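# An overview of the molecular structure
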Amino acid sequence: MEKINIICVDDERDVLESVSRDLDYFSDIFNIEECESAFECLALLEEFDAQQKYVALIISDHIMPEKSGVELLTEVAMDNRFLGTKKLLLTGLATQADTIDAINNAKIDNFLEKVWDPKQLLQMVKKLLTEYIIEKGIGYEEYIEKLDAPTLYRLLKS
Amino acid sequence: MLKRNLKYTLPILLPLIVLLLPADSFALDGLTLVEQRVIAIFVMATLCWVLEPIPIYATSVLIIVLELLLISDNGLWFATNSAPEQQGQLLSQTAIMATFASPIIMLFLGGFFLALAATKYRLDINLARVLLRPFGYNPKYVMLGIMLITAVFSMFMSNTATTAMMLSILTPVLALFAAEDLGKVAFALSVPVAANIGGIATPIGTPPNAVALKYLVNENSISFAEWMSIGVPFVVVMLFIAWLLLIKLFPTSTQQIDLNIEGIFLKTPKAWLVYGTFLLTILLWLMGNLHGMSSYVVAMLPVAIFSIFNIINKEDLKNIPWDVLWLVSGGIALGLALDKTGLAAHVVDAIPFNNFHPLLLIVGASMLCLLMANFMSNTATANLLLPLVATLGASMHSLLPYGGQVVLILSVTFSASLGMSLPVSTPPNALAYASGHIETKQMAKIGIIIGIIGISVAFAMLFIMNKAHFIG
C-alpha cells in the first residue's frame, strides 16, 4: 500500500504540532509532513513529485512571513502536477480580500477558523481524503477504515 | 515481516518449482510439458488470488500473458520446439487472446452500459424512490423494501454500485437511530446481504455467473430466461430468510422510519431512449426463444444504441469497470488452458471420483467454494474452481440422476455468491462495514447463517428442478 501524504504548513511551531496531533488518527495509513514555511512546503512538493508520491491534502495557515498561505495554495492550484490535491486554509485573521483570493485563485476546498474544533478538522480531512482517493482512482479498499463513508457512497454511486 | 515476504515469494517460487520438477514426479501418467506449464500457471494463479500480492485483475492478465508465452503456438522459442509427443498440445494464440472478447465478456459489457446509463439518467434513484413508497414507515417493512430493491438492482447493476447507492440513501436515516438501537445494524447489513444475494438471479448479476456460463455449453447451455427461472425463486426465498434473520437477530426499537429520497423522473428525449432501451433489452433477454438471438447478441444492442446517441460518451467509457472484464477473462483463459491441453481431464481421471457418492461431491465442492469465497474474491474463487468442477461434472456418469454437470456447476456458482461473512468477502460488505455501524462479528453471524442456509436451499431447489425435468 502506498502511503499518501498530507502536508501541514504553519510558521508557529506549536500550532503546527497541534494540527499534527489532531491528525494523528490518520498517521498509521497516511504520512503527515510538517513545514514551517511556504518555501519549505514547495521544496517538499518538488521532492514528492520527483518520487511520484501522492499529495492528497495541504493544510496551510494564512498569515506567514515572506509568502502567505493563499499565495502558496494559489501556486499549487496553478501547478498541473498537483491538480487533484485538496487545499484547506486554516486562518484566524483573513480579510474579505484574502477570502476572495483564496476562493478565486487558490481554489481552496475548505476554510477552517483558528481555534478549530479537532473533531471538525478530523471530519473535514476525512472527507477531503475520500474525495482525493476516488478522484485519483486509487483503490479505496485499503484506506476504507479512515475514509468518510457517506462521501465514499456518494462518489462510488456514479 | 516474514508473512509479508511470503506473499510475494510463494507465488514466484512454487510455480518455478513445479516447472522445474521432472515430469514423472506428478503421479500423472504421460504428463506433457505443456500440461506441466499449465499446472505451474494454475498454482501461480491460486497463490496470487489467495494472497493478493498484485491486484486480482492483474493476476488475470498475468495468466493470459504467461499462457501466450509458454503454451501458445507463437510463444517463446524454447517453449514451442520440443518433440511433439513430449511437448503436448499447444494452444493457438488467437484462442487465448480471444478470451478478452469472449461472448460472455460482451454480455457483461452490455450490462455495464445499461447500468451506466441508468445511473447517468437517474433511473436507479428514481425507481428506488417509487418502489420504496408502498413499503410505508414501519422499519420492518421499510427494510424488506430496501432489500427487495437492492436485490433487483444488483441483478442488472454491479453489486458494489447498488450497495453504494442504497447505503447513501440510508445514511441520513441511520444517523437518526439511537446509539444503542440494534436496528441500525440490521439496516446497514440488509443492503450488502441483499446485494450479494440479488446478484445470483441473472447471468449478468455478478461475475461468478459469467464464469459459470462459460462451462454451460452445448446440451447444457442455459438461456437468460432459464437462468432467471432458477435464480429468481432462489433469490426470493433467500431474501425472505435473510429478512427474517435480520429482524430476529437485530430487533429495532424505532417505531417509524422515513426515507426521504428527492428527485423526479427525467423527461428529456435521451432519458426516454434510456428507459426504452433498458426495457427492450431485458424483454429480448427474457424472450430468447421467440426471436432466436442469444443473450450475447442482445447485449450488444444497448452498447450500440447508447454509443450512437451519445448517451454514453467518451468520458463515460472510462468509467466502465474494465478490471472486472479482465478478471473474468483471466478465469476463462485459465479454464481454456486446463481444458484444451487435456490437463483437467487428465487430473480428473487420475483421481477415482467415480467411487465417491455424487451428492457428497456436490456438497463438498459447494462447501469448499463457500469457504474460499468468504476469504477471497467471489470471482477469483469461481475462476479457480469452476474449470475443474466442470470437467469433473462432465466425466462423472453417476452424477446424471442428480442433474449432472448443470447442477454441480450451478450449486458451486451460487455458493461463490453466498460467501459474505467478513468485510473482505465482497466489496458490498466492505462498504457497509465502512459505515461504522457494524461489528465484524455481527456481519460474521448473519453471513455464516445465510451461507449455510443458502447452500441448503440451493440443493433443495436444484433437486426439485431436476425431479421436474427442468434441468439436467
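Bear in mind the structure is a predicted one, so any value in this text is a computation, not a measurement. (Residues numbered from 1 in each chain as written. Chains lettered and ligands numbered in written order. Predicted model: local features only at pLDDT ≥ 70, side-chain atom pairs only at ≥ 80, totals over all residues. Heavy atoms only, no water.)

## Digging into the pattern of salt bridges
Put simply, the rule is: Any carboxyl oxygen of Asp or Glu that lies within 4 Å of a side-chain nitrogen of Lys or Arg is treated as forming a salt bridge with it. Going along the chain from the N terminus, every DSSP run of H or I of four or more residues is numbered as a helix, and every run of E of two or more is numbered as a strand. Each residue is placed in one exposure class: buried if its accessible area under a 1.4 Å probe, protein chains only, is under 20% of its type's maximum, exposed if it is over 50%, and partly exposed if it falls in between.
As enumerated under the stated definition, the model contains 17 salt bridges over all chains in all. With a closest N to O distance of 3.2 Å, R13(A) and E17(A) form a salt bridge. On the criterion of helical spacing, the pair formed by R13(A) and E17(A) is a turn pair, its members being 4 residues apart in helix α1 (residues 13-22). On the basis of relative accessible area, E17(A) is assigned to the partly exposed category, the value being 38%. Put simply, K120(B) and D316(B) hold a salt bridge, and the shortest N to O gap is 2.5 Å. Pair noted here: K120(B) is in helix α7 (residues 103-120) and D316(B) is in helix α17 (residues 314-318), with a separation of 196 residues, a long-range link. Its relative accessible area of 33% is what places K120(B) among the partly exposed residues. The structure contains a network of salt bridges with shared partners spanning R13(A), E17(A), E34(A) and E36(A).

## Section: the UniProt feature "modified residue: 4-aspartylphosphate" (unreviewed entry) in chain A
Residue and element names in this part refer to chain A. Rules: UniProt positions are given in the numbering used here, feature names are shortened, and annotations may be inferred rather than shown by experiment. Any two residues whose heavy atoms approach within 4.5 Å at even a single point are treated as in contact.
Annotation from UniProt places "modified residue: 4-aspartylphosphate" (unreviewed entry) at D61. For D61, a relative accessible area of 3% gives the class buried. Excluding residues that lie within four positions of it along the chain, D61 makes contacts with V9, D10, D11, G69, L89, L90, T91 and K114.

## So, the packing of α7(B) against helix α12 (residues 207-215) of chain B
All names here are of chain B. Defined as follows: Every axis corresponds to a line fitted to the C-alpha atoms, with the helix fit spanning only the stretch in contact, and the corresponding angles, defined between N-to-C directions, vary from 0 to 180 degrees. Between 65 and 115 degrees an angle is taken as roughly perpendicular, under 35 as roughly parallel, over 145 as roughly antiparallel, and anywhere else as oblique. Handedness of each helix crossing follows the sense of rotation of the near helix against the far helix: counterclockwise by less than a right angle gives left-handed, clockwise gives right-handed. Three classes are used, and their members are as follows: Ala, Val, Leu, Ile, Met, Phe, Trp, Tyr, Cys and Pro are nonpolar, Asp, Glu, Lys and Arg are charged, and the others, Gly among them, are polar.
Closest axis-to-axis distance for the α7/α12 pair is 9 Å, and the angle between their directions is 150 degrees. What the angle tells us is that α7 and α12 run roughly antiparallel. Here α7 runs over α12; the crossing is right-handed. When α7 is examined against α12, the residues I104, L107 and F108 are found in contact with a partner set consisting of P207, A210, L213 and K214. Split by residue class, the contact of α7 with α12 holds 6 nonpolar, no polar and 1 charged.

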